[in-house]
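As a plain string of letters, each chain reads:
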Protein chains: 2
Amino acid sequence: MNRNKCIANIKAGYLFPEVAKRRREYAQAHPDAKIISLGIGNTTEPILPHIDRGLTEGAAKLATFEGYSGYQDEGIAELRERISKVFYKGQFGIDEIFISDGAKCDIGRLQLMFGAQTPAAVQDPSYPVYVDGSVLIGAGGGWEDSGYKGITYLPCTAENDYFPDLSALKPNCLIYFCSPNNPTGAVAGREQLAVLVRAAQKNGSFIIFDAAYSEYIRDSGLPKSIFEIDEAKTCAIEVNSFSKPAGFTGVRLGWTVVSKELKYSGGESVNADWSRIASTVFNGASNISQAGGMAALDSEGLAEIRKLSDFYLGNARLIRNVLVKAGIVCTGGDNSPYIWARFPGRDSWEVFTEILEKCQVITTPGSGFGPSGQSFIRFSAFGHRADVEEACERLKKL
Amino acid sequence: MNRNKCIANIKAGYLFPEVAKRRREYAQAHPDAKIISLGIGNTTEPILPHIDRGLTEGAAKLATFEGYSGYQDEGIAELRERISKVFYKGQFGIDEIFISDGAKCDIGRLQLMFGAQTPAAVQDPSYPVYVDGSVLIGAGGGWEDSGYKGITYLPCTAENDYFPDLSALKPNCLIYFCSPNNPTGAVAGREQLAVLVRAAQKNGSFIIFDAAYSEYIRDSGLPKSIFEIDEAKTCAIEVNSFSKPAGFTGVRLGWTVVSKELKYSGGESVNADWSRIASTVFNGASNISQAGGMAALDSEGLAEIRKLSDFYLGNARLIRNVLVKAGIVCTGGDNSPYIWARFPGRDSWEVFTEILEKCQVITTPGSGFGPSGQSFIRFSAFGHRADVEEACERLKKL
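This part covers the overall build of chain A. Scanning chain A from N- to C-terminus turns up 13 helices and 15 strands. Relative to its length of 398 residues, chain A is compact, with a C-alpha radius of gyration of 21 Å against a globular reference of 21 Å. If one aligns the C-alpha atoms of chain A with their principal axes, the spans along those axes are about 55 × 55 × 50 Å. The burial tally for chain A puts 64% of its 398 residues in the buried class.

As structure tokens, then:
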């Protein structure tokens, strides 16, 4: 049995397991150290009571004759309808909203749907699954210098207001675009997204819009969905998740919007293919998680989402303040739970190690998100308040 | 944007949505008909109390500071350990048991791991995802006559005791093998599985052993796992699920065993690649489902699994009896929830339609499971007892 060449093309470990490994090694060498993580984007706060009641009731219901349910490949109709209403002003039918077990999993399935022949373009830096998943499916090749062959890296830096120059786009590609961005925390404005949509339309590309952090937007002028832009339905797929707004990282629930207006160049329906993918290699999100999702999207649930995201944004403010006071240039943290901090002229992993050794704080090295992430560190605002406060005290040493 | 050629290669709809569509059409044309489904393998009975308590407590715990948990990519260690103990006499370490959201989903990810260059061989008939997923990833090509190009169909019929002639196997392929089999209900004996393992070893192939129905085996002489065969660790991956034994079709929980002894021809670790897949395009099963899985595998939970599978096997006996009395030759239904019934010289979809029209009973046409399924009908034993009894009454008309 030969090893699949595509998986062999992927470099080293996935970023976060690598961070976890370095943490374990440090902890073994320093058994007394109290390590605090501002590293991975894993939520830490309990699920709030109303939403959790949705989950427990969803679980209890399965023990009853009336409430039992089995496979729901594409999701429970009521939840699909509610998502359309809450997030998209009802502009999508239930058969255009597909419930998933999370944004990352659906991105993997989207890559399967578009296949090896569809080139990928990513914001640089970006969330690793866009690139790693593209390489896995064969849409990207081996590692060369600072990136994978065949992947178009679109630098997003302070100089371009974290919005890429789209003239480098190949035709007929998938453009992965995350806003609020992971890792930079930057949020694209309405005009920027309109430029993105026009660019996709013009060169026959599709946008995979990752809106997983949309509920962290506080500036009411900023778009929360690509579908706020005219005609985006004809060139964009939106992926979203309950993980970060409702603390569902361990519950597993998300959704993907594929409009029936989205067509391949031959006129075939992308929506129909996505439905085929859902029934072939997926069996739906847990019905318990879906019951929790229903609770999360009524008025009490939405208030809890606000409260929880406010809490993490409070953490973000604390971290940002301490970095700014230390003279470190950073972005994000206002409409996003990530702070992107610059350490000019230095290597990201080296700064990661310095922060770990001096402060016993885990961060994420920016270079793990792409070549333009070099010299940056991502601080995550997911953490208990006391831990974040303690981490901030320690970061003053920097 | 061009449509992926691989998805274009897949013929018509996935079998079960197609069955559902025909049911809807019949129901619309006959609004008064009381249709009973013995079609898809969706569980119908409530989750039993002890296991459900595991689920509700798992959900409630997430609202507490101490009990909250987030991402668990490869699964909670305690559950991995318990699975190893309950199903494999503890012969696997926790890092060889990977928790999933179900067998079908993991089969899709296995296909991603092995990629387009690894040919597939399937029992014919077989569960559609092996073939459809292989075509999706590019390991199979377009439809030709009665099968997909590049897929090796291994006929399993009464004539060969439902165990295939393995001399047709290509080298270095993935052999999908399901026992107890879906759809035939046949269970491979120990000597047959030993023949399978030797054949895989001999030609450099790996076995994907689907044991999703293992808890339906009542004959103590029959193997429940491929790992009961010597050296299977070096050439087999086992996929399993809580769906059918514990009624978790809507809860989503399964597991896959990838031994550290499993190596590619170049010596690389398959286990390491599988771990990479899990962290790249998957984010773990729901922690609530995993709490339910823990409850399902203690002594009370295992007694409930026995009770639930006994119930469905009771249904299977009723269906089998009525078919046998009608002079229809069938297999399965004793160590499996499926009965495979033969209608010589007839087309499966035609028989499907006849049963629907005469009895208002939904079944699954055997031809949907592969060329050797032609002239067969699969009856599923998943249903409420009263419905199964009523369906059996009606089937006497055949």
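From this point, the narrative continues.
A few words on helix H3 (residues 49-61) of chain B. With 13 residues, H3 of chain B should reach 18 Å at 1.5 Å per residue; the first-to-last C-alpha distance of 18 Å fits that figure. Along H3 of chain B, the residues classified as buried are His 50, Ile 51, Asp 52, Gly 54, Leu 55, Thr 56, Gly 58 and Ala 59 of chain B.

What follows deals with the sheet that holds strand E12 (residues 338-342) of chain A. All names here are of chain A. Read from one edge of the open sheet, four strands run E11-E12-E15-E14, paired in antiparallel fashion. With one partner strand each, in any of the chains shown, strand E11 (330-332) and strand E14 (364-365) form the two edges of the open sheet. Helix H12 (residues 348-359) contacts E14 and strand E15 (376-380) of the sheet and is inclined by roughly 50° relative to E15.

Turning to the relation of the copies chain A and chain B, a few remarks are in order. Taken as rigid bodies, chain A and chain B are interconverted by a rotation of 180° and an axial shift of 0.0 Å, the fit giving an RMSD of 0.0 Å. Within this description, the copies of the chain are treated as partners about a two-fold rotation axis. No C-alpha of chain A lies nearer the rotation axis than that of Thr 56 of chain A, which sits 2.5 Å from it. Interface residue correspondence from chain A to chain B reaches 100%, placing this contact among same-surface, isologous pairings.

Scanning the entire structure with this criterion turns up 40 salt bridges over all chains. The salt bridge involving Asp 387 of chain B is made with Lys 34 of chain B; its shortest N-O contact spans 3.4 Å. Of this pair, Asp 387 of chain B sits in helix H13 (residues 385-395) while Lys 34 of chain B is found in the loop between helix H2 (15-29) and strand E1 (36-37), placing the two residues 353 residues apart along the sequence. Assessed through its relative accessible area of 23%, Asp 387 of chain B is described here as partly exposed. Judged by relative accessible area, which is 47%, Lys 34 of chain B ranks as partly exposed. One salt-bridge network, in which partners are shared between bridges, spans Glu 18, Lys 21, Arg 22 and Glu 25 of chain A.

Looking now at the interface of chain A and chain B. Listed by partner, the interface residues are 81 residues for chain A and 81 residues for chain B. Carbon and sulfur atoms make up 58% of the area that chain A and chain B hide from each other, which totals about 6400 Å². Of all residues in chain A, Met 1, Tyr 71 and Arg 276 of chain A give up the largest surface area on contact with chain B, accounting jointly for 15% of the area buried on that side. Run the count over chain A and chain B and you get four salt bridges. Between Arg 3 of chain B and Asp 273 of chain A there is a salt bridge whose closest N-O contact spans 2.8 Å. Our enumeration of links across chain A and chain B arrives at 37 residue pairs in polar contact (both at pLDDT 80 or more). With seven residues, helix H5 (residues 103-114) of chain A is the largest single contributor of residues to the side of chain A that touches chain B. Here the residues of the side of chain A that touches chain B are counted per class, giving 34 nonpolar, 33 polar and 14 charged.

Okay, the pairing of strand E7 (residues 174-178) of chain B next. Put simply, side chains in a regular strand alternate between the two faces of the sheet. All names here are of chain B. Judged by how many residues are buried, E7 sits mostly within the fold: five of five residues are covered. Note that strand E3 (residues 120-124) and E7 share three bridges and pair parallel. The partner of Ala 121 across the bridge, within E7, is Ile 175. Relative to strand E8 (residues 206-210), E7 runs parallel, the two being bridged by five bridges. Among the inter-strand pairings, Tyr 176 is bridged to a residue of E8, identified as Ile 208. Following the backbone out of E7, through helix H7 (residues 190-203) and into the adjacent parallel E8, one traces a crossover that is right-handed.

A few words now on the sheet that holds E7 of chain B. Residues and elements named next belong to chain B. The strand order E2-E10-E9-E8-E7-E3-E6 describes an open sheet built from seven strands, whose pairing is mixed. Looking along the sheet, the strands with just one partner apiece sit at the ends: strand E2 (97-100) and strand E6 (152-155). On average, each strand axis in the sheet is tilted by 20° relative to the strand beside it, whichever way the strands run. When E8 meets strand E9 (residues 236-241), the two strands line up parallel, connected through four bridges. Residue pairing in the sheet places Ile 207 in a bridge with Ala 236 of E9.

In an α-helix, one turn spans 3.6 residues, which is why side chains three or four residues apart end up on the same side. Residues and elements named next belong to chain B. When the terminal C-alpha atoms of helix H9 (residues 270-281) are compared, their 16 Å separation across twelve residues agrees well with the 16 Å that a helix rising 1.5 Å per residue should span. For H9, the tally of buried residues reaches ten of twelve residues, placing the bulk of the element in the interior. Listed in full, the buried residues belonging to H9 are Val 270, Asn 271, Asp 273, Trp 274, Arg 276, Ile 277, Ala 278, Ser 279, Thr 280 and Val 281. If you check the start of H9, you find a side-chain oxygen 3.3 Å away from the backbone N of Asn 271, and it comes from Ser 269.

Here the focus is the state of the cysteines. Residues and elements named next belong to chain A. Applying the stated criterion across every chain, the model contains zero disulfides over all chains. There is no disulfide at Cys 173, and the cysteine sulfur nearest it, in Cys 235, is 11 Å away. Just so you know, Cys 392 is unpaired, no disulfide at all, and the nearest cysteine sulfur is the one on Cys 359, 11 Å from it. For Cys 392, a relative accessible area of 8% gives the class buried.

Residue and element names in this part refer to chain A. Residues Gly 254 and Thr 256 point to one face of strand E10 (residues 254-257) and Trp 255 and Val 257 to the other, with burial holding for every one of them. Here strand E2 (residues 97-100) pairs with E10 via four bridges, running antiparallel. Pairing of Ile 99 across the sheet is with Trp 255, part of E10. Sheet topology places strand E9 (residues 236-241) next to E10; four bridges connect them, and they run antiparallel. Its bridge partner lying in E10, Glu 238 is registered against Val 257.

On to unusual backbone geometry, then. Apart from glycine, the bulk of residues carry a negative phi angle, and the bulk of peptide bonds sit in the trans form. For the bond from Asn 182 of chain A to Pro 183 of chain A, the omega torsion is 20°, close enough to zero to count as cis. Secondary-structure assignment places Pro 183 of chain A in the loop between strand E7 (174-178) and helix H7 (190-203). At the junction of Asp 124 of chain B and Pro 125 of chain B, the peptide bond is cis and its omega measures out at 5° in the coordinates. Inspection of the secondary structure assignment puts Pro 125 of chain B in the loop between E3 and helix H6 (128-137). The backbone of Asp 145 of chain B shows a phi angle near 55°, a positive value even though the residue is not glycine. Considering the arrangement of structural elements, one finds Asp 145 of chain B in the loop between strand E4 (143-144) and strand E5 (147-148). You can call Asp 145 of chain B exposed: its relative accessible area is 76%. In this structure, Glu 231 of chain B is a non-glycine residue whose phi angle is positive, near 65°.

For the coordinates displayed, the defined rule picks out 48 aromatic pairs over all chains. A centroid spacing of 4.8 Å and a plane angle of 85° characterise the contact between Trp 143 of chain A and Tyr 148 of chain A, whose relative ring orientation is edge-to-face. For Trp 143 of chain A, a relative accessible area of 36% corresponds to the partly exposed category. Judged by its relative accessible area of 5%, Tyr 148 of chain A falls in the buried class. Relative to Trp 255 of chain A, the ring of Phe 242 of chain A lies with its centre 5.3 Å away and its plane at 70°, an arrangement referred to as edge-to-face. Highlighted residues: Phe 242 of chain A in the loop between E9 and helix H8 (243-246) and Trp 255 of chain A in strand E10, separated in sequence by 13 residues. Here Phe 242 of chain A and Trp 255 of chain A have matching classes, each one buried. Through a chain of ring-to-ring contacts, three or more aromatic side chains come together here, namely Phe 87, Tyr 88, Phe 92, Phe 227, Phe 242, Phe 248 and Trp 255 of chain A. Lying over the aromatic face of Phe 98 of chain B, Arg 80 of chain B brings its terminal NZ or CZ to 5.4 Å of the ring centre.

What counts, and at which threshold
- Residues numbered from 1 in each chain as written.
- Chains lettered and ligands numbered in written order.
- Predicted model: local features only at pLDDT ≥ 70, side-chain atom pairs only at ≥ 80, totals over all residues.
- Heavy atoms only, no water.
- Helix = DSSP H or I, 4+ residues; strand = E, 2+ residues; numbered from the N terminus.
- Rg over C-alpha atoms; globule rule 2.2 N^0.38 Å.
- Buried < 20%, exposed > 50% of the residue type's maximum accessible area, 1.4 Å probe, protein only.
- Expected span 1.5 Å × (residues − 1).
- Pairing = 2+ DSSP bridges.
- Contact = heavy atoms within 4.5 Å.
- Axes fitted to C-alpha atoms, helices over the stretch in contact; angles between N-to-C directions.
- Least-squares fit on C-alpha atoms with pLDDT ≥ 70 in both.
- Salt bridge = Lys/Arg side-chain N within 4 Å of Asp/Glu carboxyl O.
- Buried area = accessible area lost by both parts, 1.4 Å probe.
- Polar contact = N/O pair within 3.5 Å; in protein donor to acceptor, adjacent residues only side chain to side chain.
- Nonpolar A, V, L, I, M, F, W, Y, C, P; charged D, E, K, R; others polar.
- Right-handed = clockwise from strand over helix to strand, strands pointing away.
- Disulfide = S-S within 2.5 Å.
- Phe/Tyr/Trp six-rings, centres within 6.5 Å; stacked < 30°, edge-to-face > 60°.
- Lys NZ or Arg CZ within 6 Å of the ring centre and 35° of its normal.

From the geometry alone we can't say anything about function, so treat these as descriptive.
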